[in-house]
Every structure is written in structure tokens, then in C-alpha cells.
Amino acid sequence: MNFDAIVVGSGISGGWVAKELCERGIKTLLIERGPNVEHRTDYLDFAPPWEVPNRGEVPEAEKAEHYAIQSTNYAFNSASKKWWVRDSEHPYSTPADRPYAWIRGYHLGGRSITWGRQTYRLSDYDFNANKLDGNGVDWPIRYADLSPWYDRVERFAGISGSIEGLEQLPDGQFLPPMELNCVEQSFKKQIESNHPTRRVTVGRCAHLTEPTAEHIALGRGPCQLRSVCERGCGYGAYFSSLSATLPAARRTGNLTVVTDAIVERLDYDHAKRRVSAVRVMDAKTKQGRSYQARVVFVCASTIGTAQILLSSRSEYFPNGLANSSDAVGRYLMDHVVGLGASGTHPGFLDRYYYGRRPTGFYLPRYINITERDGVDFVRGFAFQGYSGRSTWDRARNEVGVGAELKQRLRNPGRWEMRLVGLGEMLPRAENRVTLDARRTDQWGLPLVHIDCTHGENERRLAERANRDAAAMLAAAGFENIEANGGIKPPGHSVHEMGTARMGHDPATSVLNRYNQAHDVSNLFVTDGSCMVSTGTANPSLTYMALSARAANHAADLLSSGEI
Ligand SMILES: Cc1cc2nc3c(=O)[nH]c(=O)nc-3n(C[C@H](O)[C@H](O)[C@H](O)COP(=O)(O)OP(=O)(O)OC[C@H]3O[C@@H](n4cnc5c(N)ncnc54)[C@H](O)[C@@H]3O)c2cc1C
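Just so we're clear, the structure is a prediction, and the values are computed from it rather than from any experiment.

Engineer: Even after reading the chapter, I still don't get helix H5 (residues 182-194), so can you show me in this structure?
Structural biologist: Across its 13 residues, H5 extends 18 Å between first and last C-alpha, which sits within 8% of the 18 Å expected from 1.5 Å per residue. What H5 keeps buried is the set Cys-182, Val-183, Glu-184, Phe-187 and Ile-191. Those residues of H5 hidden inside the fold are in contact with strand S11 (361-363), strand S12 (381-388), strand S13 (415-423) and helix H11 (456-475). Its side-chain oxygen placed 3.2 Å from the backbone nitrogen of Val-183, Asn-181 serves as the N-cap of H5.

Here you go:
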């Protein structure tokens, strides 16, 4: 079968590419390795607590047998379980002393169903960083290149947030912000008066606070503050491929979707310097087939994309497609997590809040921007935080039975606050995805091997983040302050990036400034693998903007006949 374009992967990146291409009139095939998901009917978001299996818990034996890695994620529970791969069925390897948590979901929509929806722009502090301190290669774009695309994706996705006027956290096209609660407002006041260049703002998130006509036309409605988002949202109140980009692509009449179709490899035509076919294996029958198109976008997520490119070996690319630079699979990065601290507040006992707000607050990076004295590392960290009186968790976790327990739960308890640091990780060539030379999965495809560790810069930055978090909580009157547990192995922030990086130079990078492979003219990659550095912002908004930009560039090249 022939199409104008093929997109591999239906997550945040693939969804955006499909939407933009279809809206440009391009007949597009979207290939997804996992099963179909029906928006609304396949979600458990309307199940009352007593109908959720085990009140959300997954039995320890089941976790150990099938979800040893996935179950370490905060959003894994019995109502969201089907959005995570079974580790037992999708193995990968790491060196014994260098664990990496590869957290993923294989189904239509990918991790756009389970993601935390925090959405921040990168700034020129991030786009200039590699060039300035010499770690990694220079980004081939700057903020001005991406700014209009951030505008475009924010308007369509629906991002709520407040305007702050900070250089390191550019403002965007926001729907009305959610509100900080009383303890967060007090914390904000305290921090901003003690540290005039630090800022506390409500978390920017991909939730509709006031849907526009464009959102409503897609069947999306306002956020109901339920915070069961990891189950999927029947209101379409948060952005996902299923609520937003795929319906928009479908209504053009230009989209074809195939699910349960694992892309094994891409064939290469050396004479034309093009991908000539996408080879697929049916996930259920294991039958092979192939598709052709004038342009191919690989959006299978950072490690999944590296897997496909490395598997696509040929006489001309013996180390994997588009890999003359040997950069495919290398420079794997993930935000540093496990940083920060928590505490309880003795006051505000007569105050509460309405609803379960699905975002926290945000304290953007200040280190090496407005505060440089005594800093012995490059880059920095940002904090996400939240505060509340966690009646819900206590109702699940508190020990007891009967009237006495119910009486006790009427008291919502003290206010708690947690500051969760997100630190920048530097790109290093030895942090790498390769293919196992011997072992294969149940489809006969080589297992992925991930070798990735944090370095000295990450450790120093983590120490400073822990110190600052504890000091800020103490200054704001919190007690019982505890560290968040220490730096976690990479993978746990689920912000994996870098395995097919952009760059000016084909000798050291895989993609050009439009996410087009230097080596292969009709191949584009727009998921996290294209990232050149991590910054401190949660990255998916940037994948959206890069995807929309690259798709429109490819559409221009298709119409001019250049590809
Ligand atoms: C719990 C959680 C919280 C998160 N919170 C945030 C947040 O607050 N903010 C933020 O920015 N990011 C967050 N993330 C990360 C975010 O989910 C990812 O950055 C984003 O989903 C990546 O999009 P993607 O399209 O690149 O990959 P995915 O969404 O993973 O989609 C890739 C798709 O490709 C498919 N695929 C893979 N291999 C193949 C193949 N060989 N053939 C065919 N199809 C294939 C997969 O099945 C999948 O559907 C979070 C993630 C999780 C799990």
C-alpha cells in the first residue's frame, strides 16, 4: 500500500506529526505497535473508588512478576495498569551495576494517556547552553525558531498557566491558570521576599480550564479537578493524542491508522538516499508486511526510535540507518530525579481547598541564571511542588476499622508540602542504547541494551537542590523536613532524550535543524531522541513544537518536490 507519509508511533510526537500532515492534505499512515484504544470507552475514569480493583493497589506478587520496572512509577495503579507494558513480556538489558528504568506504554496514544501534563517552554538559556559550556554539540536552533510553534501547539493543546515575564521560563498562549492554595501562596510570599530572583507560580499544565471553540469542536470539555488523569479522561480535558491530535487528523479524511503493527526496520535505497519501505510485523500473527511513502517520520519514543534505526542496518549503513555519525543510540539523557525535600506545616489548620487540582506549583531554575556564587557545576534544576491535606491517601493507608477509623479520618491532618527537583543531565557519548547481539524478544527482534549513568555534574547539582529545598521549606515555616530519597537511576523521570540528536554537523549529529536526517533525505525524527540537551523543563511541549515544525517543513518539501 502506498501513502504520501508514514508516521511510526502514535504518542505525543507521532500524534502531532499526523495532525499537521493530514491538515496539509497529505495522505498519512500512522503505524502503532500496540492495540487500538477507544477514547472514553476504554478508560476507567468514571469508576468510583470501590469499583477500582484493590482500591488502586496492584498485588505485590503481580508487580514482581510482570511490572518490576513500570510499577516504580507513581502513576502505575490497578486502574491505569493497562497503559504500561508488562516488563516480563518486553525485556531489555542493562549492566548489573547500572540500572536504567525504561518506563513505557505500547498502545494507541502511547504515554500521552499517562503523562503528568506539565508543560514548560525551553528558553535560550537552554538552547545556548551546550555552546557556552562545551558539553554536547550546539543546538541548530534557538528560541526564536521554536517560539511560533510553541504558540501554535499551546493554543491547540490547551495549556493553563500564568504569565510571569521570566527569561528562563518564556510565557505562552495560556488558558486561565489554576489557583495556588493558601499554603502555597504563603510559601510563594516567603520565598520571593527572601530570594527576589526566585519565583513560585502555579504549574503550567495541558488541561482545559476554559475550552476554546476549537477544543469544544473536538469534543473536549473543561477539567473537573478529579485527578484520576492516569486512567484517561472521558471529558478530553487534558491533552492526549486520543483527545486532540488524532481526532483532528481523522476529521481531514487523510489519516489511516494501523495498530498491533511493530515496525521492525526501514529499508534504504542508496541510489536515491531515501527510505524505500517500512517493514512491519503483525504483533499478533507475526506476519510481515511493508509500506511505502514519500516521507517517513519515526516517533517511536527516544529508545524505541533508536531501536528501529539501529535495527535498520544495510550495506551503506552497517551501524544503523542515518548513522554515519555513530551518534544514533548515544547521548541518552533523562532528567535527574529523587531530589528535593518534604515537610509538614503546623498552621493553616482551619483552611482547606476545593477539588483535586491536577497540577502543583513550579519554581523555575535560578541556579547559574540569577544565582551563580559558589556554584560548582554547570546548568541547574527546577522544582515542581505540591501541598495539601492528603485525606485521600490517608483513607487508603490509615490502619483501623469501623466508626473509630471514620471519625479519625474526619480530621484532614496537617498540611504537607513536597518540593520535587528536576535536574539537567549532560549529554555524554558513553550513555548509550545498543542492540543485544544474541538475545531477541518474542517477535525475534534484538533486545535493547541500555548503559547509562549520571556523572559528577549531576551529583553536585543534586546536592545543591536537596540543600536548597530543605532551606526553603524551613524558611517558610515547615517542620519534619525530610530529603526525597536521593538521586534515582536514570529513566525514572521518563524524560528520556538524545539518541538521534539534532546538530549543525553531519559528522557529529543525526538530524538537521528541521529534524530531517542528514544522511537520508525523506527520514524525519521528532520524538525526544532529537534533543541536544535536556534543559530543566519537562520536555513534551518541546517535542510537540518540534514535531509540528518538522511536519510543516516536510509538507513544504513534498509540495515543492524536493523529497
Ligand atoms: C507517569 C508519567 C508522567 C509524565 N509526566 C510528564 C510531564 O508532566 N510533562 C512532560 O513533558 N512529560 C511527561 N512525561 C513524559 C511524556 O509522557 C513523554 O515525553 C511523551 O509521551 C513522549 O512522547 P512520544 O510520542 O515521543 O513517545 P510515546 O508517547 O511513548 O509514544 C511512542 C509510541 O510509539 C510506539 N512504538 C514504539 N516502538 C514502535 C515500533 N517499533 N513500531 C510501531 N510503534 C512503536 C509506542 O507503542 C508508543 O505508542 C511523563 C511520562 C509518564 C509515564
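Engineer: How should the packing of helix H4 (residues 143-157) against helix H12 (residues 540-560) be read in this particular structure?
Structural biologist: Relative orientation of the contacting elements H4 and H12 amounts to 105°, with a least axis distance of 8 Å. Here H4 is positioned roughly perpendicular relative to H12, judged by the angle of their axes. Across the interface between the two elements, Asp-145, Leu-146, Trp-149, Tyr-150, Val-153, Glu-154 and Ala-157 of H4 pack against Leu-541, Thr-542, Met-544, Ala-545, Leu-546, Ala-548, Arg-549 and Asn-552 of H12. Here the contact of H4 with H12 is built from residues that sort into 10 nonpolar, 2 polar and 3 charged.

Engineer: It is not clear to me how helix H3 (residues 124-133) should be interpreted in this structure. Could you clarify?
Structural biologist: Each full turn of the α-helix corresponds to 3.6 residues, which orients residues three or four apart in the same direction. All buried positions along H3 are accounted for by Asp-126, Phe-127, Ala-129 and Asn-130. Along the axis of H3, the buried positions cluster into a sector of 145°, meaning they face one direction only. Away from the buried face of H3 by more than 90 degrees, exposed residues Lys-131 and Leu-132 are located. Close packing links the buried residues of H3 with H4. Where H3 begins, one side-chain oxygen reaches toward the backbone nitrogen of Tyr-125, 3.1 Å away; that side chain belongs to Ser-123. Positive backbone phi, at 80°, marks Gly-134, one or two positions downstream of H3.

Engineer: In this structure, what is going on with the site of the ligand? I would like to understand it.
Structural biologist: Of all residues adjacent to the ligand, which total 37 residues, the nearest are Ser-13, Glu-32, Arg-111, Gly-116 and Ser-540. One nitrogen or oxygen atom from the main chain of Ile-12 is found 3.0 Å from an oxygen atom belonging to the ligand. In this structure, Gln-118 approaches the ligand through a main-chain N or O atom, which is 2.9 Å from an oxygen atom. Listing elements by their share of the shell around the ligand, those giving two or more residues are helix H1 (12-23), strand S7 (261-269) and H12. Its residues placed into classes, the shell around the ligand shows 17 nonpolar, 15 polar and 5 charged.

Engineer: How should the pattern of salt bridges be read in this particular structure?
Structural biologist: Where charged atoms of side chains with opposite charge meet at close range, the side chains can pair. Per the counting criterion, the structure on display carries 40 salt bridges. For Arg-330, the salt bridge is made with Asp-326, and the minimal N-O distance between the two is 3.1 Å. Exposure remark for Arg-330: the relative accessible area of 17% places this residue in the buried category. The class of Asp-326 is partly exposed, set by a relative accessible area of 28%.

Engineer: It is not clear to me how the nonpolar core should be interpreted in this structure. Could you clarify?
Structural biologist: Side chains of a nonpolar character, in soluble globular proteins, are inclined to be buried together. Counting 157 residues, the largest nonpolar core has Ile-31, Phe-187, Phe-239, Leu-266, Phe-297, Leu-321 and Leu-523 as the members making the most contacts within it. Of the residues forming this core, the biggest block, 12 residues, is contributed by H12. Apart from residues lying up to four places away in sequence, Phe-239 is in contact with Ile-12, Trp-16, Ser-112, Trp-115, Phe-156, Ala-157, Ala-206, Arg-220, Ala-244, Thr-245 and Met-544. The next biggest cluster of nonpolar side chains, apart from the first, holds 5 residues, and it includes Ile-262, Met-281, Ala-283 and Leu-445.

Engineer: Would you mind going over the side chain of Asn-431 with me for this structure?
Structural biologist: Tracing the sequence through the fold places Asn-431 in the loop between S13 and strand S14 (432-440). In this view, Asn-431 contacts Gly-329, Arg-330, Tyr-331, Leu-332, Met-425, Asp-451, Cys-452 and Thr-453; residues no more than four positions away in its chain are not counted.

Engineer: Sorry if this is basic, but what is going on with the packing of aromatic side chains here?
Structural biologist: For any two aromatic rings, the description comes down to two numbers: the centre-to-centre distance and the angle of the planes. A full pass over the atoms with the stated rule returns 20 aromatic pairs. Measuring from centroid to centroid gives 6.3 Å for Trp-16 and Phe-239, while their planes differ by 20°, and the two rings are stacked. With Trp-16 in helix H1 and Phe-239 in the loop between helix H6 (213-217) and helix H7 (241-250), this pair connects stretches of sequence that are 223 residues apart. Here the two residues Trp-16 and Phe-239 agree in accessibility, since each one is buried.

Engineer: How should I be thinking about the sheet that holds strand S16 (residues 479-483) in this particular structure?
Structural biologist: Hydrogen bonding along the main chain pairs the strands of a sheet, whether they run parallel or antiparallel. Pairing within the open sheet is antiparallel, and its 6 strands lie in the order S5-S11-S12-S13-S10-S16. Each edge of the sheet is formed by a strand with only one pairing partner; in this case those strands are strand S5 (201-202) and S16. Pairing of S5 with S11, which is carried by 2 bridges, proceeds in the antiparallel orientation. By the bridge assignment for S11, Val-202 is matched with Phe-361. Across the sheet, H5 is in contact with S11, S12 and S13; its angle to S13 comes to roughly 55°. Contacting strand S10 (336-345), S11, S12, S13 and S16, H11 runs over the sheet at an angle of about 15° to S10.

Cut-offs applied
- Residues numbered from 1 in each chain as written.
- Predicted model: local features only at pLDDT ≥ 70, side-chain atom pairs only at ≥ 80, totals over all residues.
- Heavy atoms only, no water.
- Helix = DSSP H or I, 4+ residues; strand = E, 2+ residues; numbered from the N terminus.
- Expected span 1.5 Å × (residues − 1).
- Buried < 20%, exposed > 50% of the residue type's maximum accessible area, 1.4 Å probe, protein only.
- Contact = heavy atoms within 4.5 Å.
- Polar contact = N/O pair within 3.5 Å; in protein donor to acceptor, adjacent residues only side chain to side chain.
- Axes fitted to C-alpha atoms, helices over the stretch in contact; angles between N-to-C directions.
- Parallel < 35°, antiparallel > 145°, perpendicular 65-115°, else oblique.
- Nonpolar A, V, L, I, M, F, W, Y, C, P; charged D, E, K, R; others polar.
- Arc of directions from axis to C-beta.
- Near = heavy atom within 4 Å.
- Salt bridge = Lys/Arg side-chain N within 4 Å of Asp/Glu carboxyl O.
- Core = buried A, V, L, I, M, F, W, Y, C linked by side-chain atoms within 4.5 Å.
- Phe/Tyr/Trp six-rings, centres within 6.5 Å; stacked < 30°, edge-to-face > 60°.
- Pairing = 2+ DSSP bridges.

From the geometry alone we can't say anything about function, so treat these as descriptive.
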